[in-house]
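What follows is the residue order along each chain.
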Amino acid sequence: QALYTRFQNLSPLDRATAAPLVLAFSEFDDSPEAWEKYDKISFRDLCTKLGVSRRMYKEAFEPMILTGLFAPGEECSAAAALGMAYFFVLKHQTSFDVRWCKGNIG
């Protein structure tokens, strides 16, 4: 599953704005120092600071944060979000299988 194609409705420019998050993911090594650094800022604020487009955030990252941490990105520390990504996406990738709902589920 080297190529994830679910976000083809996002423009290449929107997808490219997520690239700076790679640095944050690479810096976050689950150490106490990493938690201290990234716990001071919300995940939403980190995305804004790094230039992630509003559309990329709303269509890709916000749903992942809502399903993984059960709260919106402005209420979750960046450390919590990066920690969740570290655990599910990097350490246990085969256990993380997102399915997007179509239409209203309520």
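Shown above is the structure to which this text applies.
To keep things clear, this report deals only with the structure shown in the data block.

**Here we look at the overall build of the protein chain**
Counting secondary structure elements, the protein chain contains six helices and zero strands. The N-to-C order of helical and strand elements in the protein chain reads α-α-α-α-α-α. Residues counted as buried form 35% of the 106 residues belonging to the protein chain. Looking at the protein chain alone, contacts between residues at least 24 apart form 63% of all its contacts between residues at least 6 apart. With an accessible surface of roughly 7100 Å², the protein chain has 57% of that area assigned to carbon and sulfur atoms.

**Quick notes on unusual backbone geometry**
Despite not being glycine, aspartate 30 shows a phi value in the positive range, around 70 degrees. In this fold, aspartate 30 is placed in the loop between α2 (21–27) and α3 (32–38). A positive phi angle, near 60 degrees, is found at phenylalanine 70, a position not held by glycine. Turning to its location among the elements, phenylalanine 70 is positioned in the loop between α5 (54–69) and α6 (78–91). A relative accessible area of 71% places phenylalanine 70 in the exposed class.

**Comments concerning the nonpolar core**
With 23 residues, the main nonpolar core has Leu21, Tyr38, Phe43, Leu46, Val52, Met56 and Phe61 as its most contacted residues. For this core, the secondary-structure elements that each account for two or more residues are α2, α3, α4 (43–50), α5 and α6. With near-sequence residues (within four places) excluded, leucine 21 lies in contact with Phe43, Leu46, Cys47, Leu50, Val52 and Phe61.

**Here's the deal with α4**
All buried positions along α4 are accounted for by Phe43, Arg44, Leu46 and Cys47. The buried residues of α4 occupy an angular sector of 160 degrees when the element is viewed end-on, so they sit on one face. Backbone geometry just after α4 places glycine 51 at a positive phi near 85 degrees.

**A few points about α5**
Spanning 16 residues, α5 covers only 20 Å between terminal C-alpha atoms, well under the ideal 22 Å at 1.5 Å per step. The largest bend in α5 comes to about 40 degrees, at phenylalanine 61, with the proline proline 63 one to four residues further on. All of the buried residues along α5 are Met56, Tyr57, Ala60, Phe61, Glu62, Pro63 and Ile65. Of the residues trailing α5, phenylalanine 70 is marked for its positive phi of about 60 degrees.

Conventions used here
Residues numbered from 1 in each chain as written. Predicted model: local features only at pLDDT ≥ 70, side-chain atom pairs only at ≥ 80, totals over all residues. Heavy atoms only, no water. Helix = DSSP H or I, 4+ residues; strand = E, 2+ residues; numbered from the N terminus. Buried < 20%, exposed > 50% of the residue type's maximum accessible area, 1.4 Å probe, protein only. Contact = heavy atoms within 4.5 Å. Areas by Shrake-Rupley, 256 points an atom, 1.4 Å probe, with all protein chains shown as cover. Core = buried A, V, L, I, M, F, W, Y, C linked by side-chain atoms within 4.5 Å. Arc of directions from axis to C-beta. Expected span 1.5 Å × (residues − 1). Bend = angle between axes of the 7 residues up to and from the residue.

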